[in-house]
Amino acid sequence: MSKLVKPIVIGVTGGSGSGKTSVSRAIFDHFSGHSILLLEQDFYYKDQSHLSFEERLKTNYDHPFAFDTDLLIKHVEDLIDFKAIDKPVYDYAKHTRSDQIIHQEPKEVIIIEGILILDDPRLRELMDIKVYVDTDDDIRIIRRIKRDIEERGRTLDSVIEQYLNVVKPMHNQFVEPTKRYADIVIPEGGRNQVAIDLMTTKIHSIIDVRE
Ligand SMILES: Nc1ncnc2c1ncn2[C@@H]1O[C@H](COP(=O)(O)OP(=O)(O)O)[C@@H](O)[C@H]1O
Ligand SMILES: Nc1ccn([C@@H]2O[C@H](COP(=O)(O)O)[C@@H](O)[C@H]2O)c(=O)n1
């Protein structure tokens, strides 16, 4: 591949547990060996180190205000200009940023993944392809219970309580309405190989035109 004039930016969104990460990983793996990077919106949750742990538990993590969207936009703009970034790292167990940062060199294909990446028009403007992974609520909650207990240090009661009181209403108010901005809606995300093949073919076609 010769160097592109501008990186290709792909946004992958959908509800929590829809399979966004799995779809993004599948695209990433397809282009492994090429110049590609993955940017997780979750890493851009606002720093809450000034708050006590009890106060952090009260934060609504499914509302657009929970994210440092200005920083995410700045980083995407820098990457589009082929500038490196130092991206924050998020600790779900502590509900705040960790002390670490990850130095990320620019790449020619950028995948941005997260529940609210299509909410901000400035971010949408930066994307060439917008994807919404559409998975039924019951499947998403089952996946989330399993993942949050195994990987994010949560209890069954806390996952259920958070889902019913916050995640579900915020999904209906903020996440699901962004489906209208998507170029592609993938049903039952994660293992939809036909959709992944269509997307990788489209990305290849953009790379061919821009080279
Ligand atoms: N099609 C699928 N079938 C079964 N399990 C899946 C599928 N897609 C994702 N998963 C599992 O569901 C969980 C949530 O998927 P993930 O891709 O992390 O979703 P999201 O990033 O949208 O929260 C993960 O444990 C993942 O392995
Ligand atoms: N401290 C936090 C931060 C976020 N969450 C939840 O993560 C969900 C988004 O991540 P997905 O990989 O599931 O898309 C979001 O629904 C938040 O509720 C959290 O529980 N705690």
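What you are looking at is a predicted structure, and each value in this text was computed from that prediction instead of being measured. (Residues numbered from 1 in each chain as written. Chains lettered and ligands numbered in written order. Predicted model: local features only at pLDDT ≥ 70, side-chain atom pairs only at ≥ 80, totals over all residues.)

Quick word on unusual backbone geometry
Logical step 1: One non-glycine residue, F82, lies in positive phi territory at about 60 degrees.
Logical step 2: The topology assignment puts F82 in the loop between α3 (69-80) and β3 (85-91).
Logical step 3: A positive phi angle is found at H95, which is not glycine, with a value near 60 degrees.
Logical step 4: Take H95: it is sitting in the loop between β3 and β4 (96-104). (Helix = DSSP H or I, 4+ residues; strand = E, 2+ residues; numbered from the N terminus.)

Overview of the pairing of β3
Logical step 1: Both β3 and β4 contribute to a ladder of six bridges, which runs antiparallel. In the sheet register, P88 faces β4, and the bridge partner there is I101.
Logical step 2: In this structure, the hairpin formed by β3 and β4 is closed by a connection of four residues, where H95 is found at a positive phi of approximately 60 degrees. (Pairing = 2+ DSSP bridges.)

A look at the sheet that holds strand β6 (residues 129-134)
Logical step 1: With parallel pairing, five strands are arranged side by side in an open sheet as β2-β5-β1-β6-β7. Edge positions in the sheet fall to β2 (36-40) and β7 (184-187), since each of these pairs with one other strand and no more. When the angles between neighbouring strand axes are averaged without regard to direction, this sheet yields 20 degrees.
Logical step 2: Relative to strand β5 (residues 109-113), strand β1 (residues 8-14) runs parallel, the two sharing five bridges. From the neighbouring strand, V12 faces β5, where its bridge partner is E113.
Logical step 3: Across the sheet, helix α1 (residues 20-30) lies against β1, β2, β5, β6 and β7, angled at about 170 degrees from β5, the strand it touches most. (Axes fitted to C-alpha atoms, helices over the stretch in contact; angles between N-to-C directions. Contact = placed C-beta atoms within 7 Å.)

Points about the UniProt feature "binding site: ATP" (unreviewed entry) in the chain
Logical step 1: Mapped onto this structure's residue numbering, the UniProt feature "binding site: ATP" (unreviewed entry) falls at G14, G15, S16, G17, S18, G19, K20 and T21.
Logical step 2: Relative to the helices and strands, S16 resides in the loop between β1 and α1.
Logical step 3: When near neighbours in sequence (up to four residues on either side) are disregarded, S16 contacts I115, R140, R144 and V167.
Logical step 4: Of note, G19 is situated in the loop between β1 and α1. (UniProt positions renumbered as here; feature names shortened; annotations may be inferred.)

Points about the environment of L198
Logical step 1: Along the polypeptide, L198 turns up in helix α7 (residues 193-210).
Logical step 2: Look at L198 and you get partly exposed, because 13 C-beta atoms sit within 10 Å.
Logical step 3: C-alpha of L198 to C-alpha of S52: the two residues are 146 residues apart in sequence and 46 Å apart in space. (Buried ≥ 20, exposed ≤ 12 C-beta atoms within 10 Å, placed from the backbone.)

Focus on the nonpolar core
In a soluble, globular protein the nonpolar side chains are often hidden away together inside.
Logical step 1: Core analysis: the biggest nonpolar cluster contains 32 residues, and V9, I10, V76, I110, I111, I112 and V131 have the highest contact counts within it.
Logical step 2: Mapped onto this core, the elements with two or more residues apiece are β1, α1, β2, α3, β5, β6 and α7.
Logical step 3: Here I112 is in contact with V9, G11, L39, Q41, V76 and I117, once residues within four sequence places are set aside. (Core = buried A, V, L, I, M, F, W, Y, C linked by C-beta atoms within 7 Å.)

Things to note about the packing of helix α5 (residues 137-151) against helix α6 (residues 156-175)
Logical step 1: Relative orientation of the contacting elements α5 and α6 amounts to 135 degrees, with a least axis distance of 9 Å. In terms of their interaxial angle, α5 and α6 are classed as oblique. For the crossing formed where α5 meets α6, the hand is right-handed. Of the residues in α6, those touching α5 at I141, R144, I145, D148 and I149 are L156, V159 and Y163.
Logical step 2: Here the contact of α5 with α6 is built from residues that sort into six nonpolar, no polar and two charged. (Parallel < 35°, antiparallel > 145°, perpendicular 65-115°, else oblique. Left-handed = near helix turned anticlockwise from the far one by under 90°. Nonpolar A, V, L, I, M, F, W, Y, C, P; charged D, E, K, R; others polar.)

Things to note about the environment of F65
Logical step 1: With respect to the helices and strands, F65 occurs in the loop between α2 (53-57) and α3.
Logical step 2: Here the alpha-carbon distance between F65 and K168, two residues 103 residues apart in the chain, equals 17 Å.

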